[in-house]
Amino acid sequence: MIKSAFAVILSVFSTAALAVDLPESFDYIGPTVSALEEADGKTLYYIDEGEKDWTPVVFFGGSGTSVAVFGITEFLRTLRKDLKLRIISVERDGFGQTALTEGHTYQDYANEVVRVLDHLGVEKAALVGISGGGPYLAATAEKMGDRVTSVHMLATYSQYDPEIPDTSGLCKLSEAEIVGAAAYYAGDPVAWWTLGENSPTAKIPGFTDASRNDGARTFSMRGQKMDGAALLAEFNRFCTARVADLTGVNAPAFIYYGEADATVKPVHAEFWQGAFPNIAKVRAYAGEGHDIQYRHWDQVLLDMAGMDDQIAMCVDGSSVLVSEADAGSAKDSGGSIGICAWKD
(Lines give C-alpha, C1' and ligand atoms only; values in the text may rest on other atoms or scores of the structure.)
Protein backbone atom coordinates (compact mmCIF):
# COMPACT_ATOMS: atom_id res chain seq x y z
CA MET A 1 0.00 0.00 0.00
CA ILE A 2 2.80 2.42 0.93
CA LYS A 3 4.69 1.52 -2.23
CA SER A 4 1.61 2.08 -4.39
CA ALA A 5 0.94 5.53 -2.90
CA PHE A 6 4.56 6.53 -3.38
CA ALA A 7 4.40 5.47 -7.03
CA VAL A 8 1.31 7.63 -7.57
CA ILE A 9 2.96 10.66 -5.96
CA LEU A 10 6.11 10.14 -8.05
CA SER A 11 4.05 9.82 -11.22
CA VAL A 12 2.19 13.08 -10.53
CA PHE A 13 5.43 14.90 -9.73
CA SER A 14 7.17 13.61 -12.88
CA THR A 15 4.24 14.55 -15.11
CA ALA A 16 4.15 18.09 -13.70
CA ALA A 17 7.91 18.55 -13.97
CA LEU A 18 8.07 17.34 -17.57
CA ALA A 19 4.93 19.01 -18.93
CA VAL A 20 5.42 19.92 -22.60
CA ASP A 21 3.29 20.94 -25.53
CA LEU A 22 3.56 18.01 -27.92
CA PRO A 23 3.81 18.95 -31.60
CA GLU A 24 1.10 18.08 -34.09
CA SER A 25 3.58 17.47 -36.93
CA PHE A 26 7.22 16.62 -37.59
CA ASP A 27 9.95 19.26 -37.64
CA TYR A 28 11.71 20.09 -40.90
CA ILE A 29 15.07 18.40 -41.50
CA GLY A 30 15.70 19.18 -45.16
CA PRO A 31 14.19 19.34 -48.65
CA THR A 32 12.30 16.34 -50.03
CA VAL A 33 13.60 15.07 -53.37
CA SER A 34 10.93 13.84 -55.78
CA ALA A 35 11.27 11.97 -59.07
CA LEU A 36 9.69 12.47 -62.49
CA GLU A 37 10.11 9.72 -65.08
CA GLU A 38 10.85 10.98 -68.58
CA ALA A 39 9.57 9.34 -71.76
CA ASP A 40 13.17 8.56 -72.79
CA GLY A 41 13.76 6.66 -69.56
CA LYS A 42 15.69 9.38 -67.76
CA THR A 43 14.53 10.28 -64.25
CA LEU A 44 14.44 13.95 -63.28
CA TYR A 45 14.96 14.66 -59.60
CA TYR A 46 13.52 17.85 -58.16
CA ILE A 47 12.41 19.59 -54.99
CA ASP A 48 9.26 21.61 -54.42
CA GLU A 49 9.40 23.46 -51.10
CA GLY A 50 6.42 25.56 -50.11
CA GLU A 51 2.68 25.84 -50.57
CA LYS A 52 1.08 25.59 -54.01
CA ASP A 53 -0.32 29.12 -53.89
CA TRP A 54 2.97 30.78 -52.90
CA THR A 55 5.21 32.68 -55.33
CA PRO A 56 7.14 30.10 -57.42
CA VAL A 57 10.92 30.50 -57.62
CA VAL A 58 13.25 28.20 -59.58
CA PHE A 59 16.57 27.78 -57.78
CA PHE A 60 19.86 27.04 -59.62
CA GLY A 61 22.63 25.92 -57.26
CA GLY A 62 26.31 26.54 -57.78
CA SER A 63 28.67 24.39 -59.81
CA GLY A 64 29.04 20.80 -58.63
CA THR A 65 25.98 20.69 -56.38
CA SER A 66 23.01 18.35 -56.02
CA VAL A 67 19.37 19.36 -56.01
CA ALA A 68 19.37 19.18 -52.20
CA VAL A 69 21.90 22.01 -51.90
CA PHE A 70 19.03 24.47 -51.60
CA GLY A 71 18.77 23.19 -48.03
CA ILE A 72 21.83 25.17 -46.97
CA THR A 73 19.92 28.41 -47.60
CA GLU A 74 17.23 27.37 -45.13
CA PHE A 75 18.99 29.12 -42.27
CA LEU A 76 16.37 31.75 -43.22
CA ARG A 77 13.52 29.30 -43.71
CA THR A 78 11.21 31.25 -41.37
CA LEU A 79 11.67 34.42 -43.45
CA ARG A 80 11.13 32.50 -46.69
CA LYS A 81 7.89 31.04 -45.35
CA ASP A 82 6.72 34.41 -44.07
CA LEU A 83 7.32 35.83 -47.55
CA LYS A 84 5.42 32.87 -49.06
CA LEU A 85 8.15 31.86 -51.51
CA ARG A 86 7.84 28.39 -53.06
CA ILE A 87 11.21 26.98 -54.18
CA ILE A 88 11.50 24.52 -57.07
CA SER A 89 14.82 23.12 -58.22
CA VAL A 90 15.80 20.45 -60.73
CA GLU A 91 18.99 18.44 -60.34
CA ARG A 92 21.60 18.91 -63.03
CA ASP A 93 22.90 16.16 -65.26
CA GLY A 94 25.32 13.71 -63.66
CA PHE A 95 25.12 15.06 -60.11
CA GLY A 96 23.53 13.44 -57.07
CA GLN A 97 20.91 10.91 -58.15
CA THR A 98 20.72 12.13 -61.76
CA ALA A 99 22.33 10.03 -64.50
CA LEU A 100 25.12 11.47 -66.64
CA THR A 101 24.08 12.01 -70.27
CA GLU A 102 26.63 12.26 -73.04
CA GLY A 103 26.52 15.63 -74.78
CA HIS A 104 24.06 17.20 -72.34
CA THR A 105 23.63 20.95 -72.95
CA TYR A 106 22.33 23.99 -71.11
CA GLN A 107 19.34 23.90 -73.42
CA ASP A 108 18.66 20.24 -72.52
CA TYR A 109 18.63 21.22 -68.87
CA ALA A 110 16.32 24.17 -69.55
CA ASN A 111 13.90 21.77 -71.25
CA GLU A 112 13.99 19.56 -68.16
CA VAL A 113 13.21 22.49 -65.86
CA VAL A 114 10.23 23.46 -68.02
CA ARG A 115 8.94 19.87 -68.00
CA VAL A 116 9.06 19.83 -64.20
CA LEU A 117 7.28 23.20 -64.01
CA ASP A 118 4.61 21.94 -66.40
CA HIS A 119 4.27 18.75 -64.34
CA LEU A 120 3.72 20.90 -61.22
CA GLY A 121 1.28 23.18 -63.00
CA VAL A 122 3.50 26.25 -62.60
CA GLU A 123 2.98 28.74 -65.42
CA LYS A 124 5.29 31.56 -64.31
CA ALA A 125 8.23 31.74 -61.91
CA ALA A 126 11.11 33.85 -60.70
CA LEU A 127 14.61 32.49 -61.30
CA VAL A 128 17.50 32.68 -58.81
CA GLY A 129 20.99 31.39 -59.55
CA ILE A 130 24.15 30.98 -57.50
CA SER A 131 27.69 31.03 -58.92
CA GLY A 132 28.05 28.29 -61.57
CA GLY A 133 24.27 28.04 -61.84
CA GLY A 134 24.27 31.25 -63.88
CA PRO A 135 24.50 29.79 -67.40
CA TYR A 136 21.82 27.20 -66.56
CA LEU A 137 19.54 29.97 -65.35
CA ALA A 138 20.23 31.98 -68.50
CA ALA A 139 19.34 29.05 -70.77
CA THR A 140 16.16 28.47 -68.79
CA ALA A 141 15.24 32.16 -68.98
CA GLU A 142 15.75 32.06 -72.75
CA LYS A 143 13.49 29.00 -72.96
CA MET A 144 10.77 30.42 -70.68
CA GLY A 145 10.67 33.97 -72.08
CA ASP A 146 7.63 35.79 -70.71
CA ARG A 147 7.00 32.99 -68.20
CA VAL A 148 9.83 34.53 -66.12
CA THR A 149 8.64 37.01 -63.47
CA SER A 150 12.05 38.15 -62.19
CA VAL A 151 15.71 37.13 -62.38
CA HIS A 152 18.25 37.11 -59.53
CA MET A 153 21.91 36.48 -60.38
CA LEU A 154 24.06 35.91 -57.27
CA ALA A 155 27.79 36.09 -58.04
CA THR A 156 27.02 34.08 -61.16
CA TYR A 157 29.60 32.86 -63.62
CA SER A 158 28.96 34.12 -67.15
CA GLN A 159 30.79 31.52 -69.27
CA TYR A 160 33.92 32.25 -71.21
CA ASP A 161 33.78 35.22 -73.57
CA PRO A 162 36.95 35.51 -75.70
CA GLU A 163 36.19 39.23 -76.09
CA ILE A 164 36.46 39.65 -72.30
CA PRO A 165 39.69 37.94 -71.13
CA ASP A 166 38.84 38.24 -67.41
CA THR A 167 35.93 35.82 -67.88
CA SER A 168 38.33 33.01 -68.78
CA GLY A 169 38.67 31.54 -65.28
CA LEU A 170 39.29 27.82 -65.53
CA CYS A 171 38.98 28.04 -69.33
CA LYS A 172 42.55 29.32 -69.49
CA LEU A 173 43.76 25.98 -68.12
CA SER A 174 44.99 23.19 -70.36
CA GLU A 175 42.71 20.23 -71.03
CA ALA A 176 44.80 18.06 -68.70
CA GLU A 177 44.56 20.66 -65.94
CA ILE A 178 40.78 20.88 -66.26
CA VAL A 179 40.49 17.08 -66.14
CA GLY A 180 42.73 17.04 -63.07
CA ALA A 181 40.77 19.79 -61.33
CA ALA A 182 37.46 17.96 -61.89
CA ALA A 183 38.86 14.69 -60.53
CA TYR A 184 40.46 16.43 -57.54
CA TYR A 185 37.34 18.29 -56.40
CA ALA A 186 34.99 15.38 -57.04
CA GLY A 187 37.24 13.28 -54.82
CA ASP A 188 37.44 15.88 -52.06
CA PRO A 189 34.11 17.63 -51.34
CA VAL A 190 35.69 19.33 -48.32
CA ALA A 191 38.13 21.16 -50.61
CA TRP A 192 35.29 21.96 -53.03
CA TRP A 193 33.29 23.58 -50.23
CA THR A 194 36.04 25.37 -48.28
CA LEU A 195 34.91 29.01 -48.03
CA GLY A 196 37.56 29.98 -45.49
CA GLU A 197 37.47 30.52 -41.75
CA ASN A 198 36.76 34.23 -42.24
CA SER A 199 33.64 33.58 -44.31
CA PRO A 200 30.49 35.02 -42.72
CA THR A 201 28.86 31.63 -43.33
CA ALA A 202 30.85 30.39 -40.32
CA LYS A 203 28.28 32.22 -38.19
CA ILE A 204 25.50 29.89 -39.44
CA PRO A 205 25.23 26.80 -37.20
CA GLY A 206 25.83 23.65 -39.24
CA PHE A 207 26.42 25.46 -42.56
CA THR A 208 29.93 24.13 -43.13
CA ASP A 209 28.99 20.51 -42.46
CA ALA A 210 25.77 20.75 -44.48
CA SER A 211 27.56 22.19 -47.50
CA ARG A 212 30.25 19.51 -47.41
CA ASN A 213 27.59 16.83 -47.02
CA ASP A 214 26.04 18.07 -50.24
CA GLY A 215 29.45 17.72 -51.88
CA ALA A 216 29.47 14.06 -50.89
CA ARG A 217 25.90 13.62 -52.13
CA THR A 218 26.72 15.34 -55.42
CA PHE A 219 29.64 13.09 -56.29
CA SER A 220 28.60 9.73 -54.83
CA MET A 221 24.80 9.48 -54.46
CA ARG A 222 24.36 7.08 -57.40
CA GLY A 223 27.37 5.02 -56.37
CA GLN A 224 29.67 6.90 -58.77
CA LYS A 225 32.41 6.80 -56.09
CA MET A 226 33.57 10.41 -56.39
CA ASP A 227 33.89 10.20 -60.18
CA GLY A 228 34.69 13.61 -61.66
CA ALA A 229 33.02 13.01 -65.06
CA ALA A 230 29.96 15.16 -64.37
CA LEU A 231 32.03 18.04 -63.00
CA LEU A 232 34.34 17.81 -66.01
CA ALA A 233 31.32 18.01 -68.34
CA GLU A 234 30.14 21.09 -66.44
CA PHE A 235 33.57 22.73 -66.65
CA ASN A 236 33.66 22.08 -70.40
CA ARG A 237 30.19 23.61 -70.83
CA PHE A 238 31.42 26.81 -69.17
CA CYS A 239 34.22 27.03 -71.73
CA THR A 240 32.54 25.91 -74.95
CA ALA A 241 28.74 26.29 -74.85
CA ARG A 242 26.99 29.22 -76.47
CA VAL A 243 25.74 32.04 -74.29
CA ALA A 244 21.97 32.28 -74.06
CA ASP A 245 20.15 34.99 -76.01
CA LEU A 246 18.32 36.94 -73.31
CA THR A 247 16.91 39.74 -75.46
CA GLY A 248 13.43 38.23 -75.12
CA VAL A 249 13.53 38.11 -71.31
CA ASN A 250 11.88 41.34 -70.22
CA ALA A 251 11.41 40.42 -66.56
CA PRO A 252 13.27 42.66 -64.08
CA ALA A 253 16.78 41.36 -63.43
CA PHE A 254 18.68 41.80 -60.15
CA ILE A 255 22.48 41.44 -60.16
CA TYR A 256 24.37 40.80 -56.90
CA TYR A 257 28.15 40.58 -56.53
CA GLY A 258 31.04 41.08 -54.15
CA GLU A 259 33.51 43.69 -55.30
CA ALA A 260 36.36 41.60 -53.81
CA ASP A 261 35.19 38.29 -55.31
CA ALA A 262 38.27 36.49 -56.64
CA THR A 263 36.34 33.35 -57.70
CA VAL A 264 33.71 34.95 -59.95
CA LYS A 265 35.14 38.37 -60.62
CA PRO A 266 32.98 41.50 -60.92
CA VAL A 267 33.44 41.39 -64.70
CA HIS A 268 30.89 38.57 -64.74
CA ALA A 269 28.32 40.84 -63.11
CA GLU A 270 29.05 43.38 -65.82
CA PHE A 271 28.50 40.66 -68.40
CA TRP A 272 25.00 39.91 -67.08
CA GLN A 273 24.17 43.60 -66.87
CA GLY A 274 24.76 43.77 -70.60
CA ALA A 275 22.87 40.55 -71.33
CA PHE A 276 19.51 41.21 -69.65
CA PRO A 277 17.44 44.00 -71.22
CA ASN A 278 15.65 45.06 -68.01
CA ILE A 279 18.09 45.58 -65.13
CA ALA A 280 16.07 46.43 -62.02
CA LYS A 281 18.91 46.71 -59.49
CA VAL A 282 22.61 46.01 -59.15
CA ARG A 283 23.61 45.25 -55.57
CA ALA A 284 27.40 45.52 -55.24
CA TYR A 285 28.94 44.72 -51.85
CA ALA A 286 32.21 46.49 -51.15
CA GLY A 287 35.02 44.38 -49.67
CA GLU A 288 33.00 41.15 -49.92
CA GLY A 289 33.83 37.94 -51.75
CA HIS A 290 32.14 34.98 -53.37
CA ASP A 291 29.91 34.09 -50.41
CA ILE A 292 27.64 37.13 -50.85
CA GLN A 293 24.91 34.77 -52.10
CA TYR A 294 24.57 33.42 -48.56
CA ARG A 295 25.58 36.52 -46.61
CA HIS A 296 22.82 38.53 -48.32
CA TRP A 297 20.24 35.77 -48.79
CA ASP A 298 17.90 37.78 -46.54
CA GLN A 299 17.91 40.62 -49.08
CA VAL A 300 17.53 38.23 -52.00
CA LEU A 301 14.42 36.73 -50.38
CA LEU A 302 12.95 40.21 -49.98
CA ASP A 303 13.74 41.06 -53.60
CA MET A 304 12.14 37.85 -54.87
CA ALA A 305 9.02 38.67 -52.86
CA GLY A 306 8.71 42.04 -54.58
CA MET A 307 10.01 44.03 -51.59
CA ASP A 308 13.14 45.35 -53.30
CA ASP A 309 12.47 48.87 -52.01
CA GLN A 310 13.22 47.58 -48.51
CA ILE A 311 16.65 46.73 -47.08
CA ALA A 312 17.19 44.15 -44.34
CA MET A 313 19.26 45.81 -41.62
CA CYS A 314 20.33 45.50 -37.99
CA VAL A 315 19.57 48.77 -36.20
CA ASP A 316 20.01 49.24 -32.45
CA GLY A 317 20.16 45.49 -31.91
CA SER A 318 16.97 44.68 -33.85
CA SER A 319 16.47 43.21 -37.31
CA VAL A 320 14.31 45.66 -39.24
CA LEU A 321 13.26 46.69 -42.71
CA VAL A 322 14.55 50.11 -43.77
CA SER A 323 13.46 51.89 -46.91
CA GLU A 324 16.15 51.92 -49.56
CA ALA A 325 16.16 55.73 -49.40
CA ASP A 326 16.94 55.64 -45.67
CA ALA A 327 19.41 52.74 -45.65
CA GLY A 328 22.46 54.96 -46.12
CA SER A 329 21.67 57.19 -43.15
CA ALA A 330 20.79 54.14 -41.03
CA LYS A 331 24.20 52.67 -41.81
CA ASP A 332 25.93 55.97 -41.00
CA SER A 333 24.18 55.90 -37.63
CA GLY A 334 25.64 52.51 -36.75
CA GLY A 335 23.25 50.16 -38.52
CA SER A 336 24.55 47.23 -40.54
CA ILE A 337 23.30 45.42 -43.62
CA GLY A 338 21.44 42.17 -43.01
CA ILE A 339 19.66 40.73 -39.99
CA CYS A 340 21.37 41.05 -36.62
CA ALA A 341 22.48 37.40 -36.62
CA TRP A 342 25.27 38.42 -38.99
CA LYS A 343 26.69 40.71 -36.29
CA ASP A 344 26.54 38.30 -33.33
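Look up a bit, the structure's there.
Model, not experiment: these values are computed from the prediction. (Residues numbered from 1 in each chain as written. Predicted model: local features only at pLDDT ≥ 70, side-chain atom pairs only at ≥ 80, totals over all residues. Heavy atoms only, no water.)

Q: Just checking my understanding: could you explain empty space enclosed by the protein for this structure?
A: The method is simple in principle: a probe with the dimensions of a water molecule rolls over the atoms, and the space it marks as empty is what remains. Under the counting rule described, the total for this entry stands at two cavities of 30 Å³ or more. In this structure, the largest cavity spans a volume of roughly 60 Å³. Around the largest cavity, the lining residues are F59, G61, T65, S66, V67, V69, F70, S89, V90, E91, R92 and Y109. Residue composition of the lining of the largest cavity, by class: six nonpolar, four polar and two charged. Taken as a whole, the second largest cavity spans an internal volume of roughly 30 Å³. Residue lining of the second largest cavity: A155, T156, Y256, Y257, V264, K265, H268, A269 and W272, and that is the complete set. Ranked by the residues each element gives to the lining of the second largest cavity, the list is headed by helix α9 (residues 266-275), at three residues. Among the residues forming the lining of the second largest cavity, the class breakdown is six nonpolar, two polar and one charged. (1 Å grid on protein atoms, 1.4 Å probe; cavity = no way out; pocket = protein on both sides within 12 Å on 5 of 7 lines; lining within 4 Å. Points joined across faces, edges and corners; volume = space filled by probe spheres on them. Nonpolar A, V, L, I, M, F, W, Y, C, P; charged D, E, K, R; others polar. Helix = DSSP H or I, 4+ residues; strand = E, 2+ residues; numbered from the N terminus.)

Q: Teacher, can you tell me more about the state of the cysteines here?
A: Working definition of a disulfide: a covalent bond connecting the sulfur atoms of two cysteines. Following the criterion strictly, the structure yields two disulfides and no others. A sulfur-sulfur distance of 2.2 Å marks the disulfide that ties C171 to C239. Where C171 bonds to C239 through sulfur, the torsion about that S-S bond is close to -90 degrees, and the disulfide is left-handed. Here C171, found in the loop between β6 (148-154) and α5 (175-187), pairs with C239, found in helix α8 (residues 229-240); they are 68 residues apart in sequence, far enough to count as distant. Both residues of the pair, C171 and C239, count as buried. There is a disulfide in this structure between C314 and C340, and the S-S distance comes to 2.1 Å. Linking C314 and C340, the disulfide has an S-S dihedral of approximately 95 degrees and is accordingly described as right-handed. Placement of the pair is C314 in strand β9 (residues 310-315) and C340 in the segment after β11 (336-337), with a sequence separation of 26 residues. (Disulfide = S-S within 2.5 Å. Buried < 20%, exposed > 50% of the residue type's maximum accessible area, 1.4 Å probe, protein only.)

Q: Before we go on, may I ask you to explain the sheet that holds strand β3 (residues 55-60) in this structure?
A: Spatially, eight strands are ordered β1-β2-β4-β3-β5-β6-β7-β8 in an open sheet, and the strand pairing comes out mixed. In the strand order of this sheet, the two ends are held by β1 (33-37) and β8 (279-285), each with one partner. Averaged over all pairs of adjacent strands, the angle between their axes in this sheet comes to 20 degrees, without regard to strand direction. Here β3 pairs with strand β5 (residues 125-130) via four bridges, running parallel. Counted as the bridge partner of V58 is L127 from β5. Contacts between α9 and the sheet are confined to β6, β7 (253-258) and β8, with β7 contributing the most and set at about 170 degrees to the helix. (Pairing = 2+ DSSP bridges. Axes fitted to C-alpha atoms, helices over the stretch in contact; angles between N-to-C directions. Contact = heavy atoms within 4.5 Å.)

Q: What's the story with the sheet that holds β11 in this structure? I'm lost.
A: As a general point, the strands of a sheet are linked pairwise by backbone hydrogen bonds and lie either parallel or antiparallel. Reading across the sheet, the three strands line up as β10-β9-β11 and stay open at both edges, with antiparallel pairing between neighbours. Single-partner strands in this sheet number two, and they are β10 (318-323) and β11. Relative to β11, β9 runs antiparallel, the two sharing two bridges. Opposite C314, over in β11, you have S336 as the bridge partner. Helix-sheet contacts for helix α11 (residues 297-304) involve β9 and β10, and the interaxial angle to β9 is about 145 degrees. Along the sheet, helix α12 (residues 324-332) makes contact with β9, β10 and β11, crossing β10 at roughly 130 degrees.

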